[in-house]
Amino acid sequence: MTVPDKPAGGGAAAPIKAVPLRHPGQWVAAAVIFVLAALFIYGAATNGAYRWGTYRQYLFDTRILSGVGYTLALTVLAMVIAVVLGVLLAVMRLSPNRVLRYSSWTYLWIFRGTPVYVQLVFWGLFGSIYKRIDIGIPFTVQFAHFDIQSLNAAFLFAVIGLGLNEAAYMSEIVRAGVSSVGEGQTEASVALGMSWSLTMRRTVLPQAMRVIIPPTGNEVISMLKTTSLVAAVPFSLELYGRSRDISGVNFQPIPMLMVASTWYLAVTSVLMIGQYYLERYYSRGASRQLSARQLEALAAAVDTTTDKKV
């Protein structure tokens, strides 16, 4: 930083010329990363094992696009089950009733303590464990019978298996979000005459969403990738199953894995963008740093006030 000399005539001092601090290490690290990335891209482009012609051929194949649709359906339906059941389990964990609290804890203990792949295998064997389900009054009258072994419900069992496993994690996310809101907020809302439902909708949940949204977005992205495990049910119409079936015919697993990875990355990128805007929406007012729109509004307000004074 250059400090100007004081003027001899006692006039105004010259403006300070601020020299920004240089960071040569950052430029060196950026250059190294750029060179490594360029070498990797060049090596992948010239490596015949990737079979880029096969990659381009199957990237928009109808079977692959159908697999993307099934993957999205599995993700959405499983997350709907997980969110609804997770909220219920979170309420049970926070309940003063010991039976509800311990039942919720037992559910979490089982589904968080066993691998999701093992759980999906059990759902694939559900028809062997329970050959028939009877609905009615126990030991007396039965109103309906369902032959599980005759059902071709691999997709349904895959959704149920993924949803029940994810509900255990969503329960802890919701419980952490609700617990992050201070008790004073609820007490103040009750003092203002708000009902319990209005308090939850206007006071607790808007503040809890700042804590709930980021991990929930991560769980949605994780669920998208976990759908590749539904082959344990077995269900093989989703994206990875389709690419694996095609590679079993053309004997080119590497380009088919690249096709599946490309679509996983594309869908994940869209979900990450949506998560970013949701986080920004629910984090309004949580930071003292003003956004670009808020700064523009503040500058316009200052200009208007200045014009009125003049």
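Structure first, text after, so check above.
Keep in mind it's a predicted model, so treat the numbers as computed, not measured. (Residues numbered from 1 in each chain as written. Predicted model: local features only at pLDDT ≥ 70, side-chain atom pairs only at ≥ 80, totals over all residues. Heavy atoms only, no water.)

K.L.:
I would appreciate a short explanation of the overall build of the protein chain in the present structure.
P.N.:
Looking only at helices and strands, the protein chain has 12 helices and 2 strands in total. Relative to its 310 residues, the protein chain shows a buried fraction of 29%. Taking contacts inside the protein chain between residues at least 6 apart in sequence as the whole, the part at least 24 apart equals 70%. Total accessible area computed for the protein chain in this model is approximately 20,800 Å², and 66% of it derives from carbon and sulfur atoms. (Helix = DSSP H or I, 4+ residues; strand = E, 2+ residues; numbered from the N terminus. Buried < 20%, exposed > 50% of the residue type's maximum accessible area, 1.4 Å probe, protein only. Contact = heavy atoms within 4.5 Å. Areas by Shrake-Rupley, 256 points an atom, 1.4 Å probe, with all protein chains shown as cover.)

K.L.:
Sorry, what's going on with the packing of aromatic side chains here?
P.N.:
What describes a pair of aromatic rings is the distance from one ring centre to the other and the angle between the planes of the rings. Tallied over the full model, the rule gives 12 aromatic pairs. Here Trp105 and Trp109 contribute two aromatic rings whose centre-to-centre distance is 6.2 Å and whose plane-to-plane angle is 5°, an arrangement assigned as stacked. Of this pair, Trp105 and Trp109 both sit in helix H4 (residues 98–113), 4 residues apart, which is roughly one turn of that helix. The exposure class of Trp105 is partly exposed, given its relative accessible area of 46%. Aromatic pair Phe126 and Phe157: ring centres 5.5 Å apart, planes at 50°, arrangement tilted. Here Phe157 lies in helix H7 (residues 154–179) and Phe126 lies in helix H6 (residues 126–129), a separation of 31 residues in the sequence. As far as the burial class goes, Phe126 and Phe157 line up, both buried. These aromatic residues form a ring-pair network of at least three members: Tyr50, Trp52 and Tyr55. Just above the ring of Tyr102 sits the side chain of Arg101; from NZ or CZ to the centre is 5.5 Å. (Phe/Tyr/Trp six-rings, centres within 6.5 Å; stacked < 30°, edge-to-face > 60°. Lys NZ or Arg CZ within 6 Å of the ring centre and 35° of its normal.)

K.L.:
Where do I start with helix H5 (residues 116–124) in this structure?
P.N.:
Residue pairs three or four apart in sequence face the same way in an α-helix, which turns once every 3.6 residues. Residues Val116, Gln119, Leu120 and Trp123 constitute the buried set of H5. For H5, the angular spread of the buried residues around the axis is 100°, confining them to a single face. (Arc of directions from axis to C-beta.)

K.L.:
Before we go on, may I ask you to explain the pattern of salt bridges in this structure?
P.N.:
Note on pairing: side chains with opposite charge can pair once their charged atoms come close. One pass over the full model with this rule turns up 4 salt bridges. Here Glu172 and Arg112 are joined by a salt bridge, their closest N and O atoms 3.8 Å apart. Placement of the pair is Glu172 in helix H7 and Arg112 in helix H4, with a sequence separation of 60 residues. Notably, a salt bridge pairs Arg175 with Glu172, separated by 2.8 Å at the nearest N-O pair. (Salt bridge = Lys/Arg side-chain N within 4 Å of Asp/Glu carboxyl O.)

K.L.:
What is the right way to look at the nonpolar core in this model?
P.N.:
General note: in soluble globular proteins, nonpolar side chains tend to be found buried as a group. The biggest cluster of nonpolar side chains holds 36 residues, and the ones touching the most others in it are Tyr107, Leu162, Val230 and Val233. Counting residues per element, the ones that place at least two in this core are helix H3 (62–94), H4, H5, H7 and helix H9 (196–226). Element by element, the count of residues in this core is highest for H7, at 10 residues. Once you skip the residues sitting within four places of it in the chain, Tyr107 turns out to touch Leu85, Leu89, Leu164, Ala167 and Ala168. With 14 residues, the next largest nonpolar core counts Tyr55, Leu59, Ile246 and Tyr264 among its residues. (Core = buried A, V, L, I, M, F, W, Y, C linked by side-chain atoms within 4.5 Å.)

K.L.:
Would you mind showing me how to read the packing of H3 against H7 here?
P.N.:
Helix-helix packing is described using two parameters, namely the angle between the two axes and the distance between the axes. It is the contact of H3 with H7, at a shortest axis distance of 5 Å, that shows an interaxial angle of 45°. Of the possible angle classes, the one that applies to H3 and H7 is oblique. Of the two elements, H3 crosses H7, and the hand of that crossing is right-handed. Among the residues making up the contact of H3 with H7, the classes are represented as 23 nonpolar, 4 polar and 4 charged. (Axes fitted to C-alpha atoms, helices over the stretch in contact; angles between N-to-C directions. Parallel < 35°, antiparallel > 145°, perpendicular 65-115°, else oblique. Left-handed = near helix turned anticlockwise from the far one by under 90°. Nonpolar A, V, L, I, M, F, W, Y, C, P; charged D, E, K, R; others polar.)

K.L.:
Honestly, a nonpolar patch on the surface in this entry has me stumped. Any pointers?
P.N.:
Judged by side-chain polarity, Tyr117, Val118, Val121, Phe122, Leu125, Ile129, Tyr130, Ile133 and Ile135 come together as a nonpolar surface patch covering roughly 800 Å² of accessible area. Ranked by the residues each element gives to the nonpolar patch, the list is headed by H5, at 4 residues. Inspection of the secondary structure puts Ile133 in strand E1 (residues 132–136). (Patch = residues over 30% accessible without salt bridge, like charges linked within 9 Å, V, L, I, M, F, W, Y side chains within 5 Å.)

K.L.:
Whenever I open this one, the environment of Trp123 confuses me. Can you help?
P.N.:
Within the fold, Trp123 resides in helix H5. Judged by its relative accessible area of 18%, Trp123 is buried. Separated by 110 residues in the primary sequence, Trp123 and Val233 place their C-alpha atoms 6.1 Å from one another. Beyond its immediate stretch of four places on either side in the chain, Trp123 contacts Phe157, Ile160, Gly161 and Leu164.

K.L.:
Any chance you could explain H4 here in plain terms?
P.N.:
Taking 1.5 Å of rise per residue, 16 residues should cover 22 Å, and H4 covers 22 Å from first to last C-alpha, within 8% of that figure. Contacts made by the buried residues of H4 are with H3, H5 and H7. Here H4 starts with a cap whose side-chain oxygen sits 2.9 Å from the backbone nitrogen of Val99, and that cap is Asn97. (Expected span 1.5 Å × (residues − 1). Polar contact = N/O pair within 3.5 Å; in protein donor to acceptor, adjacent residues only side chain to side chain.)

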